[in-house]
Amino acid sequence: LGSVIAYFTSAKFLLYLGHALSTWGDRMWHFAVSVFLVELYGNSLLLTAVYGLVVAGSVLLLGALIGDWVDKNSRLKVAQTSLVVQNSSVILCGIILMIIFLFKTQLLTLYHGWLLTLCYILVITIANIANLASTATAITIQRDWIVVVAGEDRSKLADMNATIRRIDQLTNILAPMAVGQIMTFGSPMIGCGFISGWNLMSMCVEYLLLWKVYQKTPTLAHKSAKVEASELKQLNAKKESDTKPAEGVQLIIEKDVTGFEPQQEKEVGCAARIAEPFITFRDGWVAYYNQPVFLAGMGLAFLYMTVLGFDCITTGYAYTQGLSGSVLSLLMGASAVTGIMGTVAFTWLRRKCGLIRTGLISGVAQFACLILCAISVFMPGSPMDLTVSPFADISARLFENEPLPTIASPESEMIFATGIPNLLNGSIAPANSDPEMSPEPVPLISVSLLFAGVIAARVGLWSFDLTVTQLLQENVIESERGIINGVQNSMNYLLDLLHFIMVILAPNPEAFGLLVLISVSFVAMGHIMYFRFAQKSLGKQLFVCHTPDPKTTPDSSPPGNTSTV
């Protein structure tokens, strides 16, 4: 009993609980804001697409600056500030949305509708601020605090990373379903009120949990001083060929920043202050390029350039191929299960083969499963026909004065699983959706193979994601953790934006097969980059598997404890 109580009061469990509350609120909001914007704009996905573009562009441009801010301030200040800003923004957004839902008719008549347009801009802006604060929270908690709480025990760090990902997988499915039911059986306004109330309660509890974790882990109060620009250049001058990355948490001299008196800064002119963010942006990307784990991070980013996931693009395509919303919700549940299996596989493989080899095995497993997706393109039922113009349907709609289809943001991927009505009018519904017509049934071989590959590949995907996450945690010095992970987030969003641009250029189902083949190619390129990183790091021992001691570097144990695979 004593050990159970000790676990439930430990810093590790309190960190899990705070992350679960934060992620649950995040997932509810990310799903609901897309639905709210659809409802407000007359069942069009235009505002949702604009919101997705603004969010991705903001993180792409500001990721390095957010990370730099995380590095320059004490851990508790960063965590508490980002928590308060994030939740306050969501609460404010919810209140504004409730006002719009209540007085939309009146707002439409005031100033020729410009006041309502201003409200839309305000909602998207505040929601974007909430997302940037959420990015700061993720960097500081998942890339820094968790490393300090785990200490020098890399096995504990791996287990904590895996548990965090399992929480993410569960909340990805359950939170949107919960708020979706509230909005379906209640109203969007009730949904706004519920989310605002949840975030107010969650903010108070999370604030308390952060304080308790901070108290239980004294080392969180110590943080290495920020490296000066001149020192940073010298540090980045070392190429990864000079030193191999150690797969251990790096021990560096730390200083207490809670009582740290900053050095007297030289007076700088207005031009220098204006240029400072741009210099930080440049230095962040240069530092990222010179990291020993640069190729591993790029490999992970390339996995975002894909339509082979459960986002609005793939689910929309499945809908055009005859799959119902209930079937899609079951498939999404299955993908969550395989994602959790990937976190279990990660911890087991890391113990058996070491961290770097776990990434290799995970990459091979993911790519092997995605081969099914490539095969599905050429199977019966596949609509691929490159002779059809991607914009033929758009041209027809223009001449017939019909509304154009729009593309939803990634946050709307759960629409099919929640039963929210009237969200896809005129966008991705099958051509023969009239119940009085009897359309010819589409063979399901192709779409079945596609989703079999996507679902199975998530085992390797999440194991690989955890591998690169831990490599970044262990091999980036503490004073640069924030800015390097900020740039990594920017890279992820950049490739995610490119995948949406790719869909915009080829939006018709006949071209989806080509998008699948391009996606598989980008996944292959990502894993080739990781293979090159592993080759540089391990050399001739790349294909030598062993059972590492948790207290020693996983891929550098004595030769006597190895067995050739």
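Residues numbered from 1 in each chain as written. Predicted model: local features only at pLDDT ≥ 70, side-chain atom pairs only at ≥ 80, totals over all residues. Heavy atoms only, no water.

In the annotation of an unreviewed UniProt entry, the entry for the chain reads Solute carrier family 40 member, and the organism field reads Erpornis zantholeuca.

Looking now at the overall build of the chain. Across its full length, the chain holds 18 helices and 4 strands. Going through the 565 residues of the chain one by one, you find that 51% of them count as buried. Considering only intrachain contacts with a sequence separation of at least 6, the fraction spanning at least 24 residues in the chain is 86%. Surface accessibility of the chain: about 25,500 Å² in total, with carbon and sulfur atoms responsible for 67%. (Helix = DSSP H or I, 4+ residues; strand = E, 2+ residues; numbered from the N terminus. Buried < 20%, exposed > 50% of the residue type's maximum accessible area, 1.4 Å probe, protein only. Contact = heavy atoms within 4.5 Å. Areas by Shrake-Rupley, 256 points an atom, 1.4 Å probe, with all protein chains shown as cover.)

Right, let's talk about the pattern of salt bridges for a bit. For the structure on display, the rule yields 8 salt bridges. With a shortest N-O distance of 4.0 Å, lysine 72 and glutamate 276 are connected by a salt bridge. On the criterion of sequence distance, the pair formed by lysine 72 in helix 3 (residues 46–72) and glutamate 276 in helix 9 (residues 270–289) is long-range, its members being 204 residues apart. Residue lysine 72 is classed as partly exposed on the basis of its relative accessible area of 45%. Salt-bridge contacts for aspartate 144 lead to arginine 481; the nearest nitrogen and oxygen are separated by 2.6 Å. (Salt bridge = Lys/Arg side-chain N within 4 Å of Asp/Glu carboxyl O.)

On to the nonpolar core, then. By size, the foremost hydrophobic cluster in this structure holds 69 residues, and its most contacted members are Val307, Leu308, Phe451, Val516 and Tyr530. If one sorts the elements of this core by residue count, helix 16 (residues 445–475) sits on top with 11 residues. Among the domains, domain 1 (1–221) and domain 2 (276–389 + 443–539) are the pair contributing at least three residues each to this core. Setting aside residues no more than four positions away along its own chain, valine 307 makes contact with Ile313, Thr314, His499, Met502, Val503, Phe512, Leu515, Val516 and Ser519. Counting residues in hydrophobic clusters, the runner-up holds 58 residues, among them Tyr16, Leu107, Val179 and Tyr214. (Core = buried A, V, L, I, M, F, W, Y, C linked by side-chain atoms within 4.5 Å. Domains from an automatic or database assignment.)

To continue, consider the packing of helix 4 (residues 75–109) against helix 7 (residues 188–216). In a pair of packed helices, the angle between the axes and the distance between the axes together describe the arrangement. Interhelical geometry of helix 4 versus helix 7 gives an angle of 170 degrees and a closest axis separation of 8 Å. In terms of their interaxial angle, helix 4 and helix 7 are classed as roughly antiparallel. Of the residues that constitute the contact of helix 4 with helix 7, the class distribution is 21 nonpolar, 7 polar and 1 charged. (Axes fitted to C-alpha atoms, helices over the stretch in contact; angles between N-to-C directions. Parallel < 35°, antiparallel > 145°, perpendicular 65-115°, else oblique. Nonpolar A, V, L, I, M, F, W, Y, C, P; charged D, E, K, R; others polar.)

A word on the side chain of serine 89. Tracing the sequence through the fold places serine 89 in helix 4. Excluding its chain neighbours within four sequence positions, the residues that come into contact with serine 89 are Ile126, Ile129 and Ala130.

As a further point, take a nonpolar patch on the surface. There is a patch of nonpolar side chains on the surface, built from Leu1, Val4, Ile5, Tyr7 and Phe8 and spanning about 530 Å² of accessible area. Topologically, valine 4 is positioned in helix 1 (residues 2–8). Judged by its relative accessible area of 41%, valine 4 is partly exposed. (Patch = residues over 30% accessible without salt bridge, like charges linked within 9 Å, V, L, I, M, F, W, Y side chains within 5 Å.)

Attention now moves to the confidence of the model for the chain. Residues of the chain with pLDDT of at least 70 account for 78%, and the chain-wide mean is 80. Mean pLDDT across the secondary structure elements of the chain bottoms out at strand 4 (residues 562–564), with 34, and peaks at helix 10 (residues 294–302), with 97. pLDDT under 50 marks residues 549–554. Its contacts with residues more than four places away, or in other chains, come to 15 contacts. For the stretch residues 556–565, pLDDT sits under 50, and the model shows 11 contacts to residues farther than four places along the chain or on other chains. (pLDDT = per-residue confidence, 0-100.)

Another point: the packing of aromatic side chains. Throughout the structure, instances matching the rule amount to 16 aromatic pairs. A centroid spacing of 6.2 Å and a plane angle of 20 degrees characterise the contact between tryptophan 211 and tyrosine 214, whose relative ring orientation is stacked. In this pair, tryptophan 211 and tyrosine 214 both sit in helix 7, 3 residues apart, roughly one turn of the helix. Taking relative accessible area as the criterion, tyrosine 214 reaches 12% and is therefore assigned buried. (Phe/Tyr/Trp six-rings, centres within 6.5 Å; stacked < 30°, edge-to-face > 60°.)

Right, let's get into the environment of lysine 104. Relative to the helices and strands, lysine 104 resides in helix 4. The class for lysine 104 is partly exposed, based on a relative accessible area of 23%. Along the chain, lysine 104 and leucine 40 lie 64 residues apart, while their C-alpha atoms are 8.4 Å from each other. Filtering out sequence-adjacent residues up to four positions away, lysine 104 remains in contact with Glu39, Leu40, Tyr41, Leu116 and Tyr120.

Mapped onto the fold, lysine 223 is located in strand 1 (residues 222–223). One buried charged side chain, lysine 223, makes no salt bridge at all; its nearest oppositely charged neighbour is aspartate 144, positioned 4.6 Å away. A distance of 2.5 Å separates a polar side-chain atom of lysine 223 from the backbone oxygen of valine 70. A distance of 2.7 Å separates the side chain of lysine 223 from the backbone oxygen of asparagine 73, its partner in a polar contact. (Lys, Arg positive; Asp, Glu negative; His and termini not counted. Polar contact = N/O pair within 3.5 Å; in protein donor to acceptor, adjacent residues only side chain to side chain.)

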